[in-house]
Amino acid sequence: MRVRFWGTRGSLPTAMRSSEVRDKLIAALKTANGRHFQSDAAIGNFVDNELDFPVRATYGGASSCVELDGTSEEFIVCDMGSGLREFGLDSMRRSRNGRKKVYNVFMSHLHWDHIMGFPFFVPAFDPDVTIRIFGGHDTIEQALRRQQEKISFPVPFDSLRARFDFSTLVPGEVAEIAGCRVELIRQHHDNDSYGYRFSSNGQSVVYSTDSEHKLDDPLSIQRFVDFFHDADLVIMDTMYSLADAVSMKADWGHSSNVVAVDLCHRANARRLAMFHHEPIFDDNTIRKIHLETIRYEELMRKESALEVLCAYDGFEVPL
Ligand SMILES: [Zn+2]
Ligand SMILES: [Zn+2]
């Protein structure tokens, strides 16, 4: 199984500002310190190996969209944030090389940042495509149709040519979809959200975004520890710091890096991918939080290590 991140930003898509690009160039030239390079390849080597991530790259700004690849010939994707557009184009390239034109989409919930990529999902115009959309909410079709009503968007839902199928999943029940055993859990978020656990060939990936954890509710915490148990990768909303999450942003429906590490430790998960980054954070800030989270994990570790990754648009995790 391979996990591919097409959109990792929370709440609102973002773009890098010119001032941030300028700061990156200054930092890169400072590191180069007048060095002369013999070729483009030598420059590429310097960029890849000697510059820190926030200098040479960006976490990106597309909203939630994560692909699980390798469980069958069909596509699996979680959420349809603005990252879905890029995924759609890439999947069409793969379909031309023989990949089956069947998409299985799992929705955490229906807030704008998780559905806004759908009107730009080009495979939806192909009559040979089947799109199956799953979720814990029974209002998914309604949300997608409403998004494309004339007052908000020029192309109505009914002009899409793909075959659609909407299914409501029930927490506690197991579904077999596209070579995966799929379970879901109801999460604390405005109008509810759902987390998913996908298992295939002895590997498990948990996708749990837009979920607030109440630290004073041990039963709820245990429910998530059980759901995450022994996962090879937990993708989790780490939008806030713990201080923010328990004080001024309590009940905003999101989680923190500290809670994510604690839950993954208790669940004996192997890797955590920090996800749904706060839109006001620039690359340096996200990198700083990532490094702090790695240090926190080392301090709190009791048994086996949890590898802390920080997702960015275009990031791939082979399992
Ligand atoms: Zn969100
Ligand atoms: Zn939300």
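Preceding this paragraph is the structure being described.
Residues numbered from 1 in each chain as written. Chains lettered and ligands numbered in written order. Predicted model: local features only at pLDDT ≥ 70, side-chain atom pairs only at ≥ 80, totals over all residues. Heavy atoms only, no water.

Notes on helix H6 (residues 140–147)
Thought 1: Buried within H6 we find Ile140, Ala143, Leu144 and Gln147. Seen end-on, H6 carries its buried residues on one side only, within an arc spanning 95°.
Thought 2: Buried residues in H6 make contact with strand S4 (102–107), helix H5 (112–115), strand S5 (130–135) and strand S6 (163–168). (Buried < 20%, exposed > 50% of the residue type's maximum accessible area, 1.4 Å probe, protein only. Helix = DSSP H or I, 4+ residues; strand = E, 2+ residues; numbered from the N terminus. Arc of directions from axis to C-beta. Contact = heavy atoms within 4.5 Å.)

Concerning the pairing of strand S8 (residues 180–187)
Thought 1: Where strand S7 (residues 175–177) meets S8, three bridges bridge the pair, whose relative direction is antiparallel. Residue pairing for S8: glutamate 176 is matched across the bridge by arginine 181.
Thought 2: Taken together, S7 and the strand that follows it, S8, pair antiparallel across an intervening segment of two residues, in which alanine 178 is found at a positive phi of about 50°.
Thought 3: With seven bridges connecting them, S8 and strand S9 (residues 193–200) associate as antiparallel partners. (Pairing = 2+ DSSP bridges.)

Quick look at the packing of aromatic side chains
Thought 1: Counted by the stated rule, this structure contains 23 aromatic pairs.
Thought 2: A ring pair is formed by phenylalanine 75 and tyrosine 103, whose centres lie 4.8 Å apart and whose planes are at 15°; its orientation type is stacked. Remark: tyrosine 103 occurs in strand S4 and phenylalanine 75 occurs in strand S3 (residues 75–78); sequence separation between them is 28 residues.
Thought 3: Overall, the relative accessible area of 1% leaves phenylalanine 75 in the buried class.
Thought 4: Plain terms: the ring middles of phenylalanine 164 and phenylalanine 166 are 6.2 Å apart, the flat faces sit at 10° to each other, and that makes the pair stacked.
Thought 5: The class for phenylalanine 164 is partly exposed, based on a relative accessible area of 22%. (Phe/Tyr/Trp six-rings, centres within 6.5 Å; stacked < 30°, edge-to-face > 60°.)

Let's talk about the coordination of the zinc ion (ligand 1)
Thought 1: Here the zinc ion (ligand 1) is held by Asp113 (OD), His114 (NE2), Asp210 (OD) and His276 (NE2), and the distances to it run 2.1 to 2.3 Å.
Thought 2: A spacing of 3.8 Å is found between the zinc ion (ligand 1) and the zinc ion (ligand 2), which share aspartate 210 as a donor. The pair aspartate 113 / histidine 114 is uniform in exposure class, with both members buried. (Donors = N, O, S within 2.8 Å, 3.2 Å for Na, K, Ca; no water.)

Quick look at a nonpolar patch on the surface
Thought 1: A surface patch of nonpolar side chains, amounting to about 250 Å² of accessible area, comprises Met16, Val21 and Leu25.
Thought 2: Considering the arrangement of structural elements, one finds methionine 16 in the loop between strand S1 (2–7) and helix H1 (18–32).
Thought 3: Residue classification places methionine 16 among the partly exposed residues on the basis of a relative accessible area of 34%. (Patch = residues over 30% accessible without salt bridge, like charges linked within 9 Å, V, L, I, M, F, W, Y side chains within 5 Å. Areas by Shrake-Rupley, 256 points an atom, 1.4 Å probe, with all protein chains shown as cover. Salt bridge = Lys/Arg side-chain N within 4 Å of Asp/Glu carboxyl O.)

Brief notes about the coordination of the zinc ion (ligand 2)
Thought 1: At 2.1 to 2.7 Å from the zinc ion (ligand 2) lie its protein donor atoms, namely His109 (NE2), His111 (ND1), His189 (NE2) and Asp210 (OD).
Thought 2: Viewed at the metal, the four donor atoms of the zinc ion (ligand 2) are separated by angles of 85 to 172°, and the geometry they form is irregular.
Thought 3: Along the chain, the residues that donate to the zinc ion (ligand 2) are spaced as H-x1-H-x77-H-x20-D. (Tetrahedral: all angles 85-135°; square planar, octahedral: opposite > 155°, others 65-115°.)

Some words on the packing of helix H9 (residues 257–267) against helix H10 (residues 283–300)
Thought 1: Two elements in contact, H9 and H10, have axes whose closest approach is 10 Å; the angle formed by their N-to-C orientations is 35°. The two elements H9 and H10 meet at a crossing, and its hand is right-handed. For the pair H9 and H10, the contacting residues are Asn257, Val258, Val261, Asp262 and His265 in the first and Ile289, Thr293, Tyr296, Glu297 and Met300 in the second.
Thought 2: Looking at the contact of H9 with H10 residue by residue, the classes come out as five nonpolar, three polar and two charged. (Axes fitted to C-alpha atoms, helices over the stretch in contact; angles between N-to-C directions. Left-handed = near helix turned anticlockwise from the far one by under 90°. Nonpolar A, V, L, I, M, F, W, Y, C, P; charged D, E, K, R; others polar.)

Observations concerning the sheet that holds strand S2 (residues 65–69)
Thought 1: Ordered in space as S6-S5-S4-S3-S2-S1-S14, the seven strands form an open sheet in which the pairing is mixed. At either margin of the open sheet sits one strand with a lone partner, and together these are S6 and strand S14 (316–318). Strand-to-strand, the axes of this sheet are offset by a mean angle of 20°, without reference to chain direction.
Thought 2: Bridge count between S3 and S4: four bridges; the pairing is parallel. Residue pairing for S4: phenylalanine 75 is matched across the bridge by tyrosine 103.
Thought 3: Along the sheet, helix H4 (residues 84–96) makes contact with S1, S2, S3 and S4, crossing S3 at roughly 175°.
Thought 4: H6 rests against S4, S5 and S6 of the sheet, and its axis sits at about 120° to S5.

Focus: the pattern of salt bridges
Thought 1: Scanning all chains against the criterion turns up 24 salt bridges.
Thought 2: For arginine 4, the salt bridge identified is with glutamate 67, shortest N-O distance 3.2 Å. With arginine 4 in strand S1 and glutamate 67 in strand S2, the pair connects residues that are 63 residues apart, well separated along the chain. The exposure classification of arginine 4 matches that of glutamate 67, with both residues buried.
Thought 3: The salt bridge partner of arginine 94 is aspartate 69, with a shortest N-O separation of 3.5 Å. You can see arginine 94 sitting in helix H4 and its partner aspartate 69 sitting in strand S2, a full 25 residues away along the chain.
Thought 4: The class for arginine 94 is buried, based on a relative accessible area of 18%.
Thought 5: The structure contains a network of salt bridges with shared partners spanning Arg2, Arg4, Glu67, Asp69, Asp90, Arg93, Arg94, Arg99 and Glu316.

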